[in-house]
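# Geometric and topological summary
In case you want the letters, here they are:
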Amino acid sequence: MFVVEAVKKIREVIEKEKREGKKIGLVPTMGYLHEGHLSLIRKAKEENDFVVVSVFVNPTQFGEGEDYESYPRELERDSKLAKSAGADLVFHPSVAEMYPKGYNTYVETYKITDKLCGASRPGHFRGVTTVVCKLFNIVVPHRAYFGQKDAQQVVVIKQMVRDLNMDLEIIPCPIVREEDGIALSSRNTYLNDEERKAGLILSKSLFKSKEMIENGERDGLKIKDFIINNIQTEPLAKIDYVEVVDAENLQDIEKLQGEVLIALAVKFGNTRLIDNMRIKIS
Ligand code: AMP
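Residues numbered from 1 in each chain as written. Predicted model: local features only at pLDDT ≥ 70, side-chain atom pairs only at ≥ 80, totals over all residues. Heavy atoms only, no water.

A few words on the domain arrangement of the chain. The domain boundaries assigned to the chain delineate domain 1 (2-173) and domain 2 (186-276). The straight-line distance from the C-alpha centre of domain 1 to that of domain 2 is 26 Å. If you look at the interface, domain 1 gives 21 residues, while domain 2 gives 19 residues. Across the interface of domain 1 and domain 2, roughly 1700 Å² is buried in total on both sides, 55% from carbon and sulfur atoms. When the buried area of domain 1 at its contact with domain 2 is split by residue, Lys115, Leu116 and Lys149 rank highest and sum to 32% of it. Run the count over domain 1 and domain 2 and you get 2 salt bridges. Summed over the shared surface of domain 1 and domain 2, the number is 11 residue pairs in polar contact (both at pLDDT 80 or more). Mapped by element, the contributors of at least two residues to the side of domain 1 that touches domain 2 are α5 (116-120) and α7 (151-163). Taken together, the residues of the side of domain 1 that touches domain 2 break down into 9 nonpolar, 7 polar and 5 charged. (Domains from an automatic or database assignment. Contact = heavy atoms within 4.5 Å. Buried area = accessible area lost by both parts, 1.4 Å probe. Salt bridge = Lys/Arg side-chain N within 4 Å of Asp/Glu carboxyl O. Polar contact = N/O pair within 3.5 Å; in protein donor to acceptor, adjacent residues only side chain to side chain. Helix = DSSP H or I, 4+ residues; strand = E, 2+ residues; numbered from the N terminus. Nonpolar A, V, L, I, M, F, W, Y, C, P; charged D, E, K, R; others polar.)

Structure follows, in structure tokens:
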């Protein structure tokens, strides 16, 4: 019973755990787990008694022509990895279980989804907030864990939780990177060797811009231009966006202050990679 597919069943399990006074942690994922996901699961296990990992490739957050069909799916491998990191249960619903015939309700945040990935992937965050809201209603966790790798997603989920009075804590977790700096992502598997090598330009540019800020640069436009120019030296890279924004509300900032988010999305062949860095300005 480690993998549960039915909403009814998972509710029964969670109710029993809660009757025993257990704290429930939820880690929503689309599967094909890597160290980034596992770091979330480990943290959830440290802070809760019972950890649910959802594995669901959510069709409503993919746009037309995106990789919904080809997204890697390997439930058996994922279950083993999740278990080894401390998960107590994997929730793996079918699309029909989550969106049965006649399904007709969506959750949508505004403004903060107009830019960054929200601008490049219209409808994406509407799918994310809808599925995450459903997962919260199904599992009713005390805490839910999200990676800072998807920085805008964290801001959007926090906004939804605040606005809809959801009674749980959102815990953002740091980005896990390979030794060479590239951020772990299930989509890295799409990259060929050349693209994988070229992809390094993202973390390199981010680390370099962090250094520039640490050395006193406070002009957001200069940082943005530096990153764009740096990425453009890589022939395989096709920039989707590079933005320097306030980390809390995602508004553009020119003079860097407070907590800053440098976020970017770049295509290598057919693969769109995102990466970001949060920097506290002292
Ligand atoms: P995904 O399966 O890509 O939807 O990701 C599920 C969760 O894992 C999200 O909260 C992601 O932000 C998080 N995540 C993905 N990659 C990483 C990473 N490299 N480091 C930390 N968290 C990550």
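At a minimum axis distance of 10 Å, the contact between helix α9 (residues 200-214) and helix α10 (residues 220-232) shows a crossing angle of 150°. By the angle between their axes, α9 is roughly antiparallel relative to α10. Crossing geometry of α9 relative to α10 is assigned as right-handed. Facing Ile201, Leu202, Ser205, Lys208, Ser209, Met212 and Ile213 of α9, the residues of α10 in contact are Ile223, Phe226, Ile227, Asn230 and Ile231. A class-by-class count of the residues in the contact of α9 with α10 yields 8 nonpolar, 3 polar and 1 charged. (Axes fitted to C-alpha atoms, helices over the stretch in contact; angles between N-to-C directions. Parallel < 35°, antiparallel > 145°, perpendicular 65-115°, else oblique. Left-handed = near helix turned anticlockwise from the far one by under 90°.)

Surveying the vicinity of the ligand reveals 17 residues, the closest of which are Met30, Gly147, Asp150, Val176 and Leu184. Note that an oxygen atom of the ligand is positioned 2.9 Å from one of the backbone N or O atoms of Met30. At 2.6 Å from an oxygen atom of the ligand is found a side-chain nitrogen or oxygen belonging to Asp150. Calculation on the ligand without its partners gives an accessible area of 480 Å², and the protein chains cover 92% of this total. Breaking the shell around the ligand down by element, the ones donating at least two residues are β2 (24-29), α2 (35-47) and β5 (143-147). The class makeup of the residues in the shell around the ligand is 9 nonpolar, 6 polar and 2 charged. (Near = heavy atom within 4 Å. Areas by Shrake-Rupley, 256 points an atom, 1.4 Å probe, with all protein chains shown as cover.)

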